[in-house]
Amino acid sequence: KHIVWAWDVVNEAIADGNGGGLRTESNWYKIYGSNEFIINAFRYANKYAPKDVILCYNDYNEYETAKMNGICNLLDAIIAKENDETLPTRIDAMGMQAHASVNIPASTIETAIKNYIAKGLDIHVTELDIATEVENNQTTLAQRYKEYYNVYLKNRKTSAKNGVSSVTIWGLRDEDTWLNTQSQMQWHGNVKQYPLLFKGGKYYCKPAFYSVLEAGQEFTE
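Residues numbered from 1 in each chain as written. Predicted model: local features only at pLDDT ≥ 70, side-chain atom pairs only at ≥ 80, totals over all residues. Heavy atoms only, no water.

(A) Main features of the environment of D92. By secondary structure assignment, the location of D92 is in the loop between helix 3 (65-79) and strand 3 (93-96). Classification of D92 as partly exposed rests on a relative accessible area of 24%. Remark: the alpha-carbon pair of D92 and N27, spanning 65 residues in sequence, is separated by 26 Å. If we ignore the near neighbours within four places in the chain, the residues touching D92 are V53, I54, L55, L121 and D122. Only 2.5 Å separates the side chain of D92 from the side chain of R90, close enough to count as a polar contact. (Helix = DSSP H or I, 4+ residues; strand = E, 2+ residues; numbered from the N terminus. Buried < 20%, exposed > 50% of the residue type's maximum accessible area, 1.4 Å probe, protein only. Contact = heavy atoms within 4.5 Å. Polar contact = N/O pair within 3.5 Å; in protein donor to acceptor, adjacent residues only side chain to side chain.)

As structure tokens, then:
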């Protein structure tokens, strides 16, 4: 019905490493000095967007405890204004970028998912990739993808409950991953990463591809 069916209304507003507070470098924060500009963004998005278009907040490292708590506080502040008489907010989904690594267990991801669902929101997994430095032995990567997808399926949205309603993998081939760009490699010790489901010019399916399929095939209620 709509070309755009979901809007990332506000993106990456919570800082890393300061106890889950707001990022302060934006001009919006410098003008407002508070989270009011974020609340206003959801007020006006609700006013002007079609009512069946999903409105989201999106962030990275959203599974880390301090940042997750900061995000939850921000979500609470947005939700608290949903019943304003003059200009109410609306937020429908939490966007979890899900830039993870093989060292992050699925249980950590599930804890974050459940915390966001508890706010009455659906979950969009918006930028999934799982960093690994191992190119040839992909067993661990495949296992982690399957575990993540098991969590997504277990906590999926249904007609009766909020949950995961969208999963986007951030790229196709290892050769094209953003993790190996100059700006990103510094965060991985300047070691190449192999985080995706395909590799090579012919898009060879890695074991992780089949593990995602297996998660769906084996899933039961």
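(B) Region of interest: a nonpolar patch on the surface. Where nonpolar side chains cluster on the molecular surface, the patch consists of I3, V4 and W7 and spans about 360 Å² of accessible area. Looking at where I3 falls in the secondary structure, it is placed in the segment before strand 1 (6-11). (Patch = residues over 30% accessible without salt bridge, like charges linked within 9 Å, V, L, I, M, F, W, Y side chains within 5 Å. Areas by Shrake-Rupley, 256 points an atom, 1.4 Å probe, with all protein chains shown as cover. Salt bridge = Lys/Arg side-chain N within 4 Å of Asp/Glu carboxyl O.)

(C) The arrangement of the layout of surface pockets in detail. There is about 380 Å³ of room inside the largest pocket. Forming the walls of the largest pocket are 15 residues, and the residues nearest its centre are Y60, N61, W178, Q184 and W187. Those elements that place two or more of their residues in the lining of the largest pocket are strand 4 (99-101) and helix 6 (182-185). In terms of residue count, the dominant contributor to the lining of the largest pocket is strand 4 (three residues). When the residues that make up the lining of the largest pocket are grouped by side-chain class, the tally is seven nonpolar, seven polar and one charged. (1 Å grid on protein atoms, 1.4 Å probe; cavity = no way out; pocket = protein on both sides within 12 Å on 5 of 7 lines; lining within 4 Å. Points joined across faces, edges and corners; volume = space filled by probe spheres on them. Nonpolar A, V, L, I, M, F, W, Y, C, P; charged D, E, K, R; others polar.)

(D) Here's a closer look at the packing of aromatic side chains. On inspection of all chains with the given rule, the structure shows six aromatic pairs. Ring geometry for Y32 and F37: centres 6.0 Å apart, planes at 45°, overall tilted. Y32 gets classed as partly exposed once you look at its relative accessible area, which sits at 36%. Taking the centre distance of 5.2 Å and the plane angle of 85° together, the rings of F209 and Y210 count as edge-to-face. Grouping aromatic residues by their ring pairs yields a cluster made of F198, Y203, F209 and Y210. Its guanidinium or amino end placed over the ring of Y60, K67 lies 3.4 Å from that ring's centre, counting from NZ or CZ. For R173, the ring lying beneath its charged end belongs to Y203, and the centroid distance is 5.5 Å. (Phe/Tyr/Trp six-rings, centres within 6.5 Å; stacked < 30°, edge-to-face > 60°. Lys NZ or Arg CZ within 6 Å of the ring centre and 35° of its normal.)

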